[in-house]
Amino acid sequence: MRAHLDTDIGEGFGVWGNHDESALMAQVSAANIACGFHAGDPDILRRTTALAAELGVSIGAQVSYRDLAGFGRRFIDVARPTLVNEIVYQIGALQAFARVAGTEVTYVKAHGALYNVAAEHVEQAAAIVDAVELVDPGLALLCQYDTEVWRQARERGIATVAEAFVDRGYTAEGRLVSRKHPAALVTDAEEAARRALAMVTERRVTSVDGDTVAVAPDDATALALCVHSDTPGALELATATGAALRAHGFDLAPIGRAR
C-alpha cells in the first residue's frame, strides 16, 4: 500500500498562527492548505504554497465553512448552492497561488465541522462533490472511508483517497470523537507512530471504546495519514510517524491528481 503523510497547515490569519511551518512541512508529503474561510490569508497562502513547491509536497485545498471566529469547527446550515460556490471560491484562490509558486492543487479536503458533517449530511456532502466536479473533476477528494461524501464521490466518478488520523480518537462508528472527549487527541509520538503502522498494514484502528473499525477498504492501494498542525507536539508526531513508516518499507508519496 502507498502511504501519504498529510497535515492541515497554513492555519493562521494576520498576526495569528505559526509563521514558520517549514519544519513540519519537511516531514510530510501532502499539505492541506487553509483557503481563507476558517484560516489563511493571501500572505499565508502565498508563503505556504511556495514552501510546498520548494519541498516537493503536494497541495490540497482545505475548504471549510465561512467561520473565521470559530476556526471552521461550528456547523453552519448553508444551502447547497451557496456552499458549492463558497467551496469553488476557496479552491480557486489556492489554485491561483499554487500557479504563482509553479505548482498546482491536486486534491481537495474539507476541514473541521464541514468534514465531519459531510460524513452523514447528504446535501452538504453533495456540495463538496459538486464543487470538485465544477472546478476540476480530475482532482482527488481526501475524506474518510465509508462516509456519505466518500460514497457520493465514488458514485459520480470523483477519485477518493481514504484519510485516517494518527492524532485523533475514533468512535465505534469510525468517526472522530468530539474534541471535548478526554481521548480526543493522541499526543504521544510513539503511540501515533504505532497507530499509523496499524492503519497502513491492517486498514483498521481501535476506537476509544476498544472496537476495531475500518479506515480504508480492503482493496485500498493508498492511505493518507493526517497529523493536525495544531495538535500539541505536531512536529514530533509527524517525524515519528514518517520514520516508522519508512522503516517498515513505506515511501511517503505526494497525493497526485486523479487524472
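### What about the pairing of strand β9 (residues 222-228)?
Here is step 1 of the chain: Judged by how many residues are buried, β9 sits mostly within the fold: seven of seven residues are covered.
Here is step 2 of the chain: Residues of β9 alternate between two faces, with A222, A224, C226 and H228 on one and L223, L225 and V227 on the opposite face, all of them buried.
Here is step 3 of the chain: Bridge count between strand β1 (residues 2-9) and β9: seven bridges; the pairing is parallel. Each bridged residue has a counterpart across the sheet, and for H4 the counterpart in β9 is A224.

### Looking at the packing of aromatic side chains
Here is step 1 of the chain: Evaluation of the coordinates by the stated rule reveals four aromatic pairs.
Here is step 2 of the chain: On the basis of an interplanar angle of 85° and a centroid distance of 5.6 Å, the ring pair of Y115 and F165 is categorised as edge-to-face. Of the two residues, Y115 sits in helix α4 (residues 112-117) while F165 sits in strand β6 (residues 160-165), which places them 50 residues apart along the sequence.

### Let's talk about the packing of helix α3 (residues 80-100) against helix α5 (residues 122-135)
Here is step 1 of the chain: The interhelical angle for the contact between α3 and α5, taken along N-to-C directions, is 45°, at an axis separation of 8 Å. The angle between α3 and α5 falls in the class oblique. Here the hand of the crossing between α3 and α5 comes out right-handed. For the pair α3 and α5, contact is made by R80, L83, V84, I87, V88, I91 and Q95 and by E123, Q124, A126, A127, I128, D130, A131, L134 and V135, respectively.
Here is step 2 of the chain: Here the contact of α3 with α5 is composed, by residue class, of 11 nonpolar, two polar and three charged.

### Digging into the environment of V227
Here is step 1 of the chain: Here V227 shows up in strand β9.
Here is step 2 of the chain: Along the backbone, V227 and D8 are 219 residues apart, and their C-alpha atoms lie at a distance of 7.2 Å.
Here is step 3 of the chain: For V227, the residues in contact, after removing those within four places along its chain, are L5, D6, T7, D8, V166, D167, A234, L237 and A238.

### Some thoughts on the environment of A162
Here is step 1 of the chain: Mapped onto the elements, A162 comes out in strand β6.
Here is step 2 of the chain: As a C-alpha pair, A162 and L142 span 20 residues in sequence and 6.2 Å in three-dimensional space.
Here is step 3 of the chain: Setting aside its immediate chain neighbours within four residues, A162 contacts L142, C143, Y145, W150, V215, A216, L223 and A224.

### A short note on the pattern of salt bridges
Here is step 1 of the chain: With the rule as written, the count across this model stands at 14 salt bridges.
Here is step 2 of the chain: R73 serves as the salt-bridge partner of D230, at 2.9 Å between the closest nitrogen and oxygen. With D230 in the loop between β9 and α8 (234-247) and R73 in the loop between β3 (58-63) and α3, this residue pair connects regions lying 157 residues apart in the sequence.
Here is step 3 of the chain: Between E148 and R151 there is a salt bridge, with the nearest N and O atoms lying 3.5 Å from each other. Here E148 and its partner R151 are both found in helix α6 (residues 148-155), three residues apart, which amounts to about one turn of the helix.
Here is step 4 of the chain: On the basis of relative accessible area, R151 is assigned to the partly exposed category, the value being 33%.
Here is step 5 of the chain: Three or more residues joined by partner-sharing salt bridges are found here, namely R80, E123, D130, E133 and R156.

### Describing the nonpolar core
Soluble globular proteins tend to bury their nonpolar side chains together.
Here is step 1 of the chain: Of all hydrophobic cores here, the largest spans 73 residues; its most connected members are L141, M199, L223 and L225.
Here is step 2 of the chain: In contact with L223, other than residues within four places in its own chain, are M1, R2, A3, H4, A162, E163, A164, M199, V200, V215 and A216.
Here is step 3 of the chain: Core analysis: the next-biggest nonpolar cluster, separate from the first, contains seven residues, A30, Y107, A140 and I255 among them.

### Quick look at the sheet that holds β6
Here is step 1 of the chain: If you walk around this closed barrel you meet the seven strands as β1-β2-β3-β4-β5-β6-β9, and the pairing is parallel. Pairs of neighbouring strands in the sheet enclose a mean axial angle of 30°, with direction left out of account.
Here is step 2 of the chain: Where strand β2 (residues 30-34) and β3 come together, five bridges link them in parallel fashion. Within the sheet, the bridge partner assigned to I33 lies in β3 and is A61.

Reading guide: rules and limits
- Residues numbered from 1 in each chain as written.
- Predicted model: local features only at pLDDT ≥ 70, side-chain atom pairs only at ≥ 80, totals over all residues.
- Heavy atoms only, no water.
- Buried < 20%, exposed > 50% of the residue type's maximum accessible area, 1.4 Å probe, protein only.
- Helix = DSSP H or I, 4+ residues; strand = E, 2+ residues; numbered from the N terminus.
- Pairing = 2+ DSSP bridges.
- Phe/Tyr/Trp six-rings, centres within 6.5 Å; stacked < 30°, edge-to-face > 60°.
- Axes fitted to C-alpha atoms, helices over the stretch in contact; angles between N-to-C directions.
- Parallel < 35°, antiparallel > 145°, perpendicular 65-115°, else oblique.
- Left-handed = near helix turned anticlockwise from the far one by under 90°.
- Contact = heavy atoms within 4.5 Å.
- Nonpolar A, V, L, I, M, F, W, Y, C, P; charged D, E, K, R; others polar.
- Salt bridge = Lys/Arg side-chain N within 4 Å of Asp/Glu carboxyl O.
- Core = buried A, V, L, I, M, F, W, Y, C linked by side-chain atoms within 4.5 Å.

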